[in-house]
Amino acid sequence: MNTATLALVGDRSPHVVSHTRVPVLLDALAARDRLVLDAYWISSEDAAAEGAVRGFDAVWVLPGSPYRSEAGVLAAVRTAREEGIPFLGTCGGFQHALLEYARNVCGLTRVAHAENDPDAEDPLIEPLACSLVGHEAAVAVEPDSLAASVIGSARTVERYFCAYGPTRHLDTLRAHGLRFSGHDEDGRVRMAELPGHPFFLASLFQPELAGDGSRPHPMIRALARAAVEHAASRTAARPV
């Protein structure tokens, strides 16, 4: 078996369907793909501690926003981004990955998430014109992208449970190196990735809700493989 450690960042709740799927997905990864992830839940408040996710082989920021600590989630994203730790952000994780990048890479220090700060003057993440809560919708995947290599198709139909999305400063994020690799049929951003990072992928949809969980979505399998590769590289780098 191939093993690695995984930080599950979010405020765990039995009322968030994606959270209840995690044990099923981990079991399926071990049984079907022989990828064993030793997973630890880290609340958004605990994630605010210095180095909370440092030392893990992968970080997955799960849905469930608004998080109790926006700062904690942003800290986890930043650590994964800056230290080359494989990262997956889904739904709220996607939103906060963009927020972290805008503030710390693009210098847009005043941008906000409207769910956390409804009166913000410059919301990067705003209420969607049409709520995607409980919807399925098609996503067009950009060719020659990490998303395309992971999903293996130019088009995929995915499940959402979200009422907020990115609307502003997208050109600035692009100019600073973030790639938007998935769009809906109206051209709105639904996936993002960071070229040059070992594995950094985020989606507004929730791949953890695909099927019944017995066959993990390709994005989740790809995160698991990246985690195992990260663990192997760390082992190889240790002095003997």
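Residues numbered from 1 in each chain as written. Predicted model: local features only at pLDDT ≥ 70, side-chain atom pairs only at ≥ 80, totals over all residues. Heavy atoms only, no water.

Asks: I'm lost on the sheet that holds strand β9 (residues 164–166) in this one. Help?
Replies: In any sheet, the strands associate via hydrogen bonds between backbone groups, in a parallel or an antiparallel arrangement. One open sheet holds the 3 strands; their spatial order is β5-β6-β9, and the pairing between them is mixed. Of all the strands in the sheet, the pair left with one neighbour each is β5 (112–113) and β9. Pairing analysis gives 3 bridges linking strand β6 (residues 123–127) to β9, with the strands arranged antiparallel. Its bridge partner being in β9, E126 is matched across the sheet by G165. (Pairing = 2+ DSSP bridges. Helix = DSSP H or I, 4+ residues; strand = E, 2+ residues; numbered from the N terminus.)

Asks: Would you mind going over the environment of W41 with me for this structure?
Replies: Relative to the helices and strands, W41 resides in strand β2 (residues 35–42). Accessibility expressed as a relative area gives 23% for W41, which makes it partly exposed. Residues in contact with W41, not counting those within four places in the same chain, are L8, G10, R12, H19, V22 and L62. (Buried < 20%, exposed > 50% of the residue type's maximum accessible area, 1.4 Å probe, protein only. Contact = heavy atoms within 4.5 Å.)

Asks: It is not clear to me how the pattern of salt bridges should be interpreted in this structure. Could you clarify?
Replies: Oppositely charged side chains can form a pair if their charged atoms are brought close together. For the structure on display, the rule yields 15 salt bridges. R68 is paired through a salt bridge with E45; the nearest N and O atoms lie 3.2 Å apart. Here E45 lies in helix α2 (residues 44–47) and R68 lies in the loop between β3 (58–61) and α3 (70–82), a separation of 23 residues in the sequence. Residue class for R68 comes out exposed when judged on its relative accessible area of 54%. As a salt-bridge pair, E82 and R81 come within 3.6 Å of each other at their nearest N and O atoms. (Salt bridge = Lys/Arg side-chain N within 4 Å of Asp/Glu carboxyl O.)

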